[in-house]
Structure formats: structure tokens, C-alpha cells
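Coordinates in review
Chain by chain, the residues:
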There are 4 protein chains.
Amino acid sequence: MGEARIFEHAVRVPYAHVDKMGFVYYANYLVYFEMARAEMLRQAGVPYPSLEEKGVFLPVVESFCEYLKPAAYDDLLVTRLQCSRKGARLHIEYDTRRTVSGTRGPLAEPERIVNGYTDHVCLSRDGKVLKPITELLRLMDSDG
Amino acid sequence: MGEARIFEHAVRVPYAHVDKMGFVYYANYLVYFEMARAEMLRQAGVPYPSLEEKGVFLPVVESFCEYLKPAAYDDLLVTRLQCSRKGARLHIEYDTRRTVSGTRGPLAEPERIVNGYTDHVCLSRDGKVLKPITELLRLMDSDG
Amino acid sequence: MGEARIFEHAVRVPYAHVDKMGFVYYANYLVYFEMARAEMLRQAGVPYPSLEEKGVFLPVVESFCEYLKPAAYDDLLVTRLQCSRKGARLHIEYDTRRTVSGTRGPLAEPERIVNGYTDHVCLSRDGKVLKPITELLRLMDSDG
Amino acid sequence: MGEARIFEHAVRVPYAHVDKMGFVYYANYLVYFEMARAEMLRQAGVPYPSLEEKGVFLPVVESFCEYLKPAAYDDLLVTRLQCSRKGARLHIEYDTRRTVSGTRGPLAEPERIVNGYTDHVCLSRDGKVLKPITELLRLMDSDG
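Because the structure is a prediction, the values reported are computed rather than measured. Per chain, the residues get numbers from 1 upward, laid out in the order the sequence is written. Labels are handed out in written order, letters beginning with A for the chains and numbers beginning with 1 for the ligands. For this predicted model, a pLDDT threshold of at least 70 governs which residues receive local features, and a threshold of 80 or more governs which side-chain atom pairs are given and counted, while totals over whole chains, interfaces and linings are taken from all residues. The basis for every side-chain value is the complete set of heavy atoms in the structure, and neither hydrogens nor water enter the calculation.

The next thing to look at is the overall build of chain A. Segments assigned H or I by DSSP are reported as helices when at least four residues long, segments assigned E as strands when at least two residues long, and all are numbered from the N terminus. For chain A, the count of helices and strands is 3 helices and 5 strands. Just to be clear, the radius of gyration here is over C-alpha atoms, and the globule rule we use is 2.2 Å times residues to the power 0.38. Rg of the C-alpha trace for chain A: 16 Å, near the compact-globule value of 15 Å for 144 residues, within the 12% margin. If one aligns the C-alpha atoms of chain A with their principal axes, the spans along those axes are about 45 × 35 × 25 Å. Split into buried and exposed, the 144 residues of chain A put 61% on the buried side. In what follows, a contact means two residues having at least one pair of non-hydrogen atoms within 4.5 Å. Considering only residue pairs separated by 6 or more positions, chain A has 69% of its internal contacts joining residues 24 or more positions apart. Calculation of accessible area relied on Shrake-Rupley with a 1.4 Å probe; when residues are assessed, cover is drawn exclusively from the protein chains displayed. For chain A, the exposed area adds up to about 6100 Å²; of that, 52% sits on carbon and sulfur atoms. A positive count includes Lys and Arg, and a negative count includes Asp and Glu. His and the chain ends are not counted in either. Charge placement uses NZ in Lys and CZ in Arg. For Asp and Glu, CG and CD serve respectively. Taken as two groups, the 19 positive and 20 negative side-chain charges of chain A have centres that lie 2 Å from each other. The rule is simple: take the accessible area with a 1.4 Å probe, protein chains only, and divide by the maximum for that residue type; under 20% is buried, over 50% is exposed, in between is partly exposed.

The following block contains the structure:
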């Protein structure tokens, strides 16, 4: 039985990502998820560019987001993510919280903003489904 | 019992939306969904700016996408959408297909690219949940 | 001496592109410029994907925007563009106007929103500067 | 005579920002400029949200980019910026360099990727031109 491995990634909300209600536009959370995912792969010793060089691609086949609270310009959002296996897929869960508010400053208690998941398959350059490579298996099995 | 009302919206994939695999980056489908949604509201006689002027907001509380096939630069993607009611929520389903390929030209048979949904609540400016206004109820009940 | 060739492209401003002041975020005009450029190339018989297949790339080497008036959600923006030659470069000028306002409806007199330009060079896949192909030369020389 | 004040901001290029040539899409540099600008204002003691609360807005009235070299996925890009006064305008110059390559690792010599500028005016909420506030004047006069 492995030890849970949890990764974190922080992003300061830029003006570019905020809509006219003053809130982060909903599609941008998928970008934050991707940034967090890339950071996790780097820390796990398999930066995504090196995967692609080996001919391994990890396209998203499914995404889900639940928007709990709006985030605002200049908030600091921290995304925690956790990997697991879902059949042949890599299943990644995300939990994005506000730790610093652009207007109220650092928060005593981080606020839950969005949670969601993405599912990925391992593909070769010509689109064949591959068995996940060792480093990815390690990530996928890290929580059980 | 109402008649099903289906709306369509087309978008030509710009270079800005295509990633280095040559495919539409996954977050952009949520943008296409939003464009289709706005067009639907306009056609239903409740353009979103007029809703906001009345103090009615329709934030997304949940989103889901299933990525079936990648789309490429200069493809013409047509999104059909259909509304229904899900408790107090407005539930919108999207079916995005490629009708013209940027490299192969018009397709005899449109190809399914992505399907998904978004859920929305009606909110007042100060964040109170509102009963959906008549025009929205009509959309929500349009399929049965 | 050639005849001026002017191309037009319209875009309905999506929620995704509007910032918290309620205005189109400034980087998005470069996306609208690209969409208009792609449409121009298609109408000129050299759709960009076909250029890339021939191994001709048109990267931007310079961009400039002057923001005259803000545009808002649901505005209809029409971009006119015009090509010319600037040494070995393809020089494209853009003039983006609001023809329909999201809140005020169709405008008797279109309003100037942004103007700007982009400069491009013709590159081969391995980054060598190429002599522009005939179809591009025709565009470049169209206004004189 | 003041001391030159130079600010820096780093960004790791996400997949979302890379086009099918494998390069950062040209509009994204304006987003990086904005992120760097926000960081500068924060460090100068005038975070942008606090400006807006005081009723001071800094819309961009002009932008310019010169694209020297393409940047790629997972590159680390560092933007240095410097403010000055240009009549009533705040003039900001940006110099974006690659310090770490996504594929080659840390670079002995940072590579120049893009340089550019943005010009801003100080506006009140209702669109009147304001005299720059003290903190901004200090930034504007910092290099002379």
C-alpha cells in the first residue's frame, strides 16, 4: 500500500481571466488544472515535454468542474491534485481554494472555490492507446 | 407538453485555440458552449445583457465535457444545444460536431467531437437564488 | 497598378473576452485580427492550412494596437483589413468597428474601437526566410 | 534624480498558450505583460484592486510587441519592466526572456523572446482623464 501523494500549485488570478461580473471565467479553471498537472508531472520526474519526446501523449478524455464560489481578480488560488487509476485511465482530482483574497488579503481559512477532475489516456503519436509508463503508474497508484 | 427546441451555433477554429498537438485545447470547448448559449438566449428573446439589466445572472455551477475526437485548426464546429430543468437549475446539453474540416473540406457525415453539459442557477445581483423568469422556464421546459 | 482589396470579418464578443470593467480584454483584439487574417487568406485562395502544408509559415514579427474606445459583451465587431508590402514583410492593417451594440442594438454610425497592424515574414518549416509565394505577393501588392 | 526601478515577473508557459507550431501564441505576451504589470503595482504598494477601489482605472490605450524568437511549452519566461512618463500617459516597457527551456533546461545566457510596451491613461469610473496619483507618478519618474 502506497502513501498518498498530493501536489499543489498556486496561481494569482490575472485581469485576463476575470469576466464582467468580476469573477474568474469558468473555462479558466481548466487552464489552472493543466498548470497544476504539468507541475505535478515535473515534480514526479516526468515533465510533459519529456513524455512527448518519448512519444507518449496524455490527452484529456473527460473533464468535470463544480463551481462552489466565485474567485476574483488578484486572488491567490491554490490547486491541490491527486491521481488515481480508473481502468486504463489516469484520473486526476483537483481542489482549488482561495488562500489570499485580492481585496481582503490572506485568509485565516482557505475558501473552496472549485473542485473537479480530468481523465486521461496514454496515446502514442499515431493515436494508439498505450499501457501507462512506470512513472505514471506510480502516480496512479500513489493513493492506494 | 412542449416541442423540443434545438439551437445551433457554428465556430471556425482559430489558431489561438489550437495546441501544439494541432488540436483544440480542451478549455476552449467551454468557450464554444458559452457562445452557443448566448446565441440561444438571443434567439429565445432574452439576450444575456438584457437579463443582467433586469438583475438576473446565470452563473455556471457545474460543467462536464467528454472529448470524443480532436478538432483541428480551421475546422468548422457546429454546437447543438438543448435545455431542460434539473430541479431549480437550468441544464444545458451540448453536442459539438465537425461539419467542415480545415484540411479535408466539407464532410459528408459530421463527426462528433465533444459533448457535455453546463448547469446554471438564476441569481440576483447580490447572490440570492431567484425563481427562473418566464422566458427561461419556457426554454427549460421546451423538451417535454 | 492594382485595385485595393479590403476584407471584412465580424465577431460577436463572447463573455469569455470581457474583463471586469465590462470591456473586451486588450489581448483579444489580436485574436480577432488573426481570425480576420485567416478569413482573408481563405478568400484569397490560400487558406492558412494549405500554406502550412506547402511548408510556408507566416509568423507575426510585430504587432501594434491603438485602443480608441472600449467594446462590450455582445457587441458585434467588424474588422476590415488591408495588406501591403513592407520590405520583405507582409504588413496587414486592421480597423475594428462596432456595428451593433449588445445593449443599444444596431448603430446608425459604426464606432471605431481599435486599429492596429501586424507584420509577418514567410518562413520555411526550418525557419529560413522565404520569398513570398505568388498568392501572397498578390495580396501584398493589392493596394498599389 | 531617482534610481531606476526594474521589476521582474516569471511565467511557466502552459500548454494552453502554445499553438500548433509549438510556439507561444502571439496574443499571450500581452497577458504576460499584464501579469508583470500587476506584480509591479503590488510591489510598488498600489495593487490594482486598491486603485480601482479608489476609482482609478488604468486602461491600455496602445500596445506594441516585437517578436524576436519563439518561446515553447514549459519554457520559463521572465519579463522585466520599466515605467516612464509619456506626456499624461504611463509608458511601460517590457523585455521578456527565456531563462529555462522546457526541453534544454536552464540557459547559461537568457534568450530575448519579445519586447514591447503598453501605454496607459488614468481614468475615473465615468471615463474622465485623471492626474496620476502620487504612487504612480513615483513609478513614472523612477528612471530619471
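There is more to say, and it comes next.
Next up on the list: the relation of the copies chain B and chain D. Least squares is the method used to superpose the copies, on C-alpha atoms of residues holding a pLDDT of at least 70 in both. Laying chain B over chain D is done by rotating through 180° and shifting 0.0 Å along the axis; what remains is an RMSD of 0.0 Å. Here the two chains are linked by the operation of a two-fold rotation axis. Among all C-alpha atoms of chain B, that of Lys 20 of chain B lies closest to the rotation axis, at 2.0 Å. Of the residues that chain B buries at the interface, 100% are likewise interface residues in chain D, meaning the two copies contact each other through the same surface.

Quick look at the sheet that holds strand S1 (residues 7–12) of chain D now. Here, strands pair whenever DSSP counts at least two bridges between them. Spatial strand order, S1(C)-S3(C)-S4(C)-S5(C)-S2(C)-S2(D)-S5(D)-S4(D)-S3(D)-S1(D): 10 strands in an open sheet with antiparallel pairing. In the strand order of this sheet, the two ends are held by strand S1 (7–12) of chain C together with S1 of chain D, each with one partner. Averaged over all adjacent pairs, the angle separating strand axes in this sheet is 25°, with direction ignored. Here strand S3 (residues 76–86) of chain D pairs with strand S4 (residues 89–101) of chain D via 11 bridges, running antiparallel. By the bridge assignment, Leu 76 of chain D is partnered in S4 of chain D with Val 100 of chain D. The sheet contacts of helix H1 (residues 28–43) of chain C involve S1, strand S2 (60–67), strand S3 (76–86), strand S4 (89–101) and strand S5 (105–120) of chain C together with strand S2 (60–67) of chain D, and relative to S3 of chain C the element is tilted by about 65°. Note on geometry: axes are C-alpha line fits, over the in-contact stretch for helices, and angles between N-to-C directions span 0 to 180 degrees.

Let us now look at the side chain of His 17 of chain A. Residues and elements named next belong to chain A. Inspection of the secondary structure puts His 17 in the loop between strand S1 (7–12) and helix H1 (28–43). Think of a polar contact as two N or O atoms within 3.5 Å of one another; within protein, one of them needs to be a possible hydrogen donor and the other a possible acceptor, and neighboring residues in sequence only count if both atoms come from side chains. Within the structure, the side chain of His 17 is placed 2.7 Å from the side chain of Tyr 32, a separation counted as a polar contact. The contacts of His 17, once residues within four sequence positions are left out, are Phe 23, Val 24, Tyr 25, Asn 28 and Tyr 32.

Any pair of Phe, Tyr and Trp rings, taking the six-membered ring for Trp, is counted once the centres come within 6.5 Å. Such a pair is stacked with planes under 30 degrees apart, edge-to-face with planes over 60 apart, and tilted for the rest. Using the criterion set out here, one finds 36 aromatic pairs over all chains in the structure. With centroids separated by 5.0 Å and ring planes inclined at 75°, the aromatic side chains of Tyr 15 of chain A and Tyr 73 of chain A adopt a geometry described as edge-to-face. In this pair, Tyr 15 of chain A is assigned in the loop between S1 and H1 and Tyr 73 of chain A in the loop between strand S2 (60–67) and strand S3 (76–86), connecting sequence segments 58 residues apart. Consider the rings of Tyr 15 of chain A and Tyr 48 of chain D, whose centres lie 5.5 Å apart with planes at 80°: the pair is edge-to-face.

With that settled, consider the interface of chain B and chain D. Contacts between the two partners involve 9 residues from chain B, matched on the other side by 9 residues from chain D. Buried area adds together the accessible area that both of two parts lose upon being put together, with accessible area traced by a 1.4 Å probe. Both faces considered, chain B and chain D share a buried interface measuring about 930 Å² in area, 69% of it formed by carbon and sulfur atoms. Area buried by chain B at its contact with chain D is led by Tyr 15, Lys 20 and Tyr 25 of chain B, which between them contribute 61% of it. Whenever a carboxyl oxygen of Asp or Glu lies within 4 Å of a side-chain nitrogen of Lys or Arg, that contact is scored as a salt bridge. Between chain B and chain D we count 0 salt bridges in total. Along the contact surface separating chain B from chain D lie 2 residue pairs in polar contact (both at pLDDT 80 or more). Any residue that is not Ala, Val, Leu, Ile, Met, Phe, Trp, Tyr, Cys, Pro, Asp, Glu, Lys or Arg is counted as polar, Gly included; the first ten are nonpolar and the last four charged. Tallied by class, the residues present in the side of chain B that touches chain D amount to 6 nonpolar, 1 polar and 2 charged.

With 23 residues of chain A in contact, the opposing surface of chain B contributes 23 residues. Taken together, the two surfaces of chain A and chain B that pack against each other cover about 1900 Å², and 58% of this comes from carbon and sulfur. Three residues, Met 21, Tyr 26 and Tyr 67 of chain A, lead the burial of chain A against chain B; their summed loss comes to 28% of the area buried on that side. For the pair chain A and chain B, the interface holds 2 salt bridges. Between Glu 52 of chain B and Lys 20 of chain A there is a salt bridge whose closest N-O contact spans 2.5 Å. At the boundary of chain A and chain B, one finds 14 residue pairs in polar contact (both at pLDDT 80 or more). Of all the secondary structure elements, the ones that give two or more residues to the side of chain A that touches chain B are H1, helix H2 (48–53), S2 and strand S5 (105–120) of chain A. Of all the elements, S2 of chain A adds the most residues to the side of chain A that touches chain B, at 8 residues. Each residue belonging to the side of chain A that touches chain B can be placed in one class, and the counts come to 15 nonpolar, 2 polar and 6 charged.

Here chain A sits on chain B after a turn of 180° about the axis and a move of 0.0 Å along it, with an RMSD of 0.0 Å. Same-surface contact between copies: 100% of interface residues of chain A are shared with the interface of chain B.

In this section: the pairing of strand S2 (residues 60–67) of chain B. Judged by how many residues are buried, S2 of chain B sits mostly within the fold: 7 of 8 residues are covered. Bridging between S2 of chain A and S2 of chain B involves 5 bridges; their strand directions are antiparallel. Paired with Cys 65 of chain A across the bridge in S2 of chain B is Ser 63 of chain B. Pairing geometry for S2 of chain B and strand S5 (residues 105–120) of chain B, over 7 bridges, is antiparallel. Bridged to Phe 64 of chain B within S5 of chain B is Tyr 117 of chain B.

Following the criterion strictly, the structure yields 56 salt bridges over all chains and no others. A salt bridge links Arg 80 of chain B to Glu 8 of chain B, with the shortest nitrogen-to-oxygen separation between them at 3.4 Å. Here Arg 80 of chain B is found in strand S3 (residues 76–86), whereas its partner Glu 8 of chain B is found in strand S1 (residues 7–12), with 72 residues between them in sequence. Residue Arg 80 of chain B is classed as partly exposed on the basis of its relative accessible area of 38%. Through salt bridges with shared partners, a single ionic network connects Glu 62, Lys 86, Arg 89 and Asp 119 of chain A.

No statement about biological role is implied by the geometric values presented.
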